[in-house]
Amino acid sequence: YKKKVSGFEEKCRFIEIDNQNNIWFYDKTIGIFKLIPNKTFDEVKAISYNENKGLINDNNYVFKIKNTILVDTEDGLFYYDDKKDLFYREKELNSALGQGVKLTIMTEDEFGNIWFKQRRKLKQSKDEVFEMGQLIPQKDGSYQNNKTPFYKLKNKIQSISSLSEGKIIVGTDKGFVHYDPEIKKEFNDKYNSLIRKIEFILNDSTIYNGAFIDNEGHVSINQGGFQQYSIPFQFNDIRFNFSAPYF
């Protein structure tokens, strides 16, 4: 430490450096800034990026992916065009991620895979879930969104760091998790599920409690013909409770 760089006095928690050595950072209260250093790197010029530059200023995050500055907004990802000095909505990444998500972590490995942590609002609920995923580049320029291997890490991800050979270290609320893509697992295999309960929500009535009673009064998992029901339309609010013994 020799001296403080002049020209900017705000706190800088997360930063990205672009190909021209400009410093990009975001803050929840003051928004997105680009800091242009002088030749001796002892002074910077601060430029704010907001609606006038194509951005929606609402709790934005800055990332650097494929040598491009990206900003995540409530309306998806926007990329920076340094020739026009404007942000434009990104196409392929937004298409792979889908709507209603907010990225808080985004990093790239040596193979071009993009690893991310997203915040997603649950449908018909005010609750949110934090998930991890992998965007795998395809030959046509699109991305495959791979989240299945990381379902067990929901609401536990603190950081994501790439190692060599595509391996990933995930910081969680209880230590580290190591993900090795060379360890193969077929997540699309068919598996059996067990229906534990069927009930009507409207009148809180249970019509199935996990098993059947046969003609001799014994508990059975087989459904007899006399136990098949025809349910009137007025009871169309049905809740199923189920479990998968193995996944």
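See above for the structure.
Everything numeric in this text was worked out from a predicted model, so none of it was measured.

Undergrad: Can you walk me through the overall build of the protein chain in this structure?
TA: Scanning the protein chain from N- to C-terminus turns up one helix and 20 strands. Here the C-alpha radius of gyration of the protein chain, 25 Å, is well above what a compact globule of 247 residues would show, namely 18 Å. Considering only C-alpha atoms, the protein chain reaches an extent of 90 × 40 × 40 Å along its principal axes. Looking at the 247 residues of the protein chain, the share that counts as buried comes to 34%. Long-range pairs, those at least 24 residues apart, make up 40% of the contacts in the protein chain with a sequence separation of at least 6. Across the protein chain, the 36 positively charged side chains and the 35 negatively charged ones have centroids separated by 2 Å.

Undergrad: In this structure, what is going on with the packing of aromatic side chains? I would like to understand it.
TA: Each aromatic ring pair is described using two quantities: the centre-to-centre distance and the angle formed by the ring planes. If you walk through the whole model with that rule in mind, you get 17 aromatic pairs. With a centroid separation of 5.8 Å and 85 degrees between ring planes, the pair formed by Y49 and F87 is classed as edge-to-face. Of this pair, Y49 sits in strand β4 (residues 44-49) while F87 is found in strand β8 (residues 86-89), placing the two residues 38 residues apart along the sequence. Under the relative-accessibility criterion, F87 is labelled buried at 3%. Relative to F87, the ring of Y80 has its centre 5.1 Å away and its plane inclined at 45 degrees; by these criteria the two rings are tilted. Taking the relative accessible area as the measure of exposure, Y80 reaches 10% and is therefore buried. Here a set of aromatic residues connected by ring pairs shows up, and it is made of W24, Y49, Y80 and F87. The ring of Y151 has K154 lying over it, and the distance from NZ or CZ to the ring centre is 5.0 Å.

Undergrad: Explanation requested: the side chain of S142 in the structure shown.
TA: Within the secondary structure, S142 is located in the loop between β11 (128-137) and β12 (143-146). Of the polar contacts made by the side chain of S142, one reaches the side chain of D140; its length is 2.6 Å. Setting aside residues no more than four positions away along its own chain, S142 makes contact with E92, I136 and P137.

Undergrad: When you look at the sheet that holds strand β7 (residues 76-81) in this model, what are you seeing that I'm missing?
TA: Sheets are built from strands paired through backbone hydrogen bonds, the pairs being either parallel or antiparallel. Taken together, four strands build an open sheet; the order of strands is β5-β6-β7-β8 and the sheet is antiparallel. Only two strands of the sheet have a single partner each, and these edge strands are β5 (61-65) and β8. The average angle at which neighbouring strand axes cross in this sheet is 35 degrees, direction not considered. Both β5 and strand β6 (residues 68-73) contribute to a ladder of five bridges, which runs antiparallel.

Undergrad: Would you take a moment to explain the layout of surface pockets for this structure?
TA: Considering only enclosed or pocket space, the largest pocket measures out at about 740 Å³ in volume. The set of elements that each furnish at least two residues to the lining of the largest pocket consists of β11, β12 and β15 (175-179). Among the elements that line the lining of the largest pocket, the one with the most residues is β15, at three residues. When grouped by side-chain class, the residues that make up the lining of the largest pocket number 13 nonpolar, seven polar and five charged.

Undergrad: I keep staring at the sheet that holds β15 and nothing clicks. Help me out?
TA: A sheet is described by the order of its strands in space; here three strands give the open sequence β13-β14-β15, paired in antiparallel fashion. At either margin of the open sheet sits one strand with a lone partner, and together these are β13 (157-162) and β15. In this sheet, adjacent strand axes meet at a mean angle of 20 degrees when their direction is disregarded. Of the strand pairs in this sheet, β13 and strand β14 (residues 168-172) are connected by five bridges, and their pairing is antiparallel. Within β14, the position partnered with I157 by the bridge is T172.

Undergrad: Where do I start with unusual backbone geometry in this structure?
TA: Apart from glycine, the bulk of residues carry a negative phi angle, and the bulk of peptide bonds sit in the trans form. Phi at D85 is positive, roughly 55 degrees, even though this residue is not glycine. Along the chain, D85 falls in the loop between β7 and β8. You will see that D204, though not glycine, has its phi angle at about 55 degrees, which is positive. For D204, a relative accessible area of 61% translates into the label exposed.

Procedures and definitions
- Every chain is numbered independently, its residues counted from 1 as its sequence is written.
- Predicted model: local features are reported for residues with pLDDT of at least 70 only, side-chain atom pairs are reported and counted for 80 or more only, and whole-chain, interface and lining totals are derived from all residues.
- In computing side-chain values, all of the structure's heavy atoms are included and hydrogens and water are not.
- Numbering goes from the N terminus for both helices and strands, where a helix is a DSSP run of H or I of at least four residues and a strand is a run of E of at least two.
- We take the radius of gyration over the C-alpha atoms and set the globule estimate at 2.2 Å times the residue count to the 0.38 power.
- For the exposure calls, accessible area comes from a 1.4 Å probe over protein chains only, and a residue counts as buried if that area is under 20% of its type's maximum, exposed if over 50%, partly exposed in between.
- We call two residues in contact when some of their heavy atoms are within 4.5 Å.
- Only four residue types enter the tally: Lys and Arg on the positive side, Asp and Glu on the negative side; His and the chain ends are excluded.
- Where a charge sits is defined by one atom per residue type, namely NZ (Lys), CZ (Arg), CG (Asp) or CD (Glu).
- Between rings of Phe, Tyr and Trp, where Trp is taken as its six-membered ring, a pair exists when centres lie within 6.5 Å; planes separated by under 30 degrees are stacked, by over 60 edge-to-face, and by other angles tilted.
- Two thresholds decide whether a charge sits over a ring: the Lys NZ or Arg CZ must be within 6 Å of the ring centre and within 35 degrees of the ring normal.
- Think of a polar contact as two N or O atoms within 3.5 Å of one another; within protein, one of them needs to be a possible hydrogen donor and the other a possible acceptor, and neighboring residues in sequence only count if both atoms come from side chains.
- For two strands to be treated as a pair, DSSP must find at least two bridges joining them.
- For helices, the fitted line uses only the C-alpha atoms of the stretch in contact; every axis is such a line through C-alpha atoms, and the angle between N-to-C directions lies from 0 to 180 degrees.
- Within this scheme a cavity is a closed region of a 1 Å grid, computed over the protein atoms alone, that accommodates a 1.4 Å probe without allowing it to escape, whereas a pocket is open but has protein on both sides within 12 Å along at least five of seven lines; lining residues each have an atom within 4 Å of a point.
- Grid points are joined across faces, edges and corners, and a volume is the space filled by probe spheres set on the points.
- Three residue categories are used. Nonpolar comprises Ala, Val, Leu, Ile, Met, Phe, Trp, Tyr, Cys and Pro, charged comprises Asp, Glu, Lys and Arg, and polar comprises the others, including Gly.

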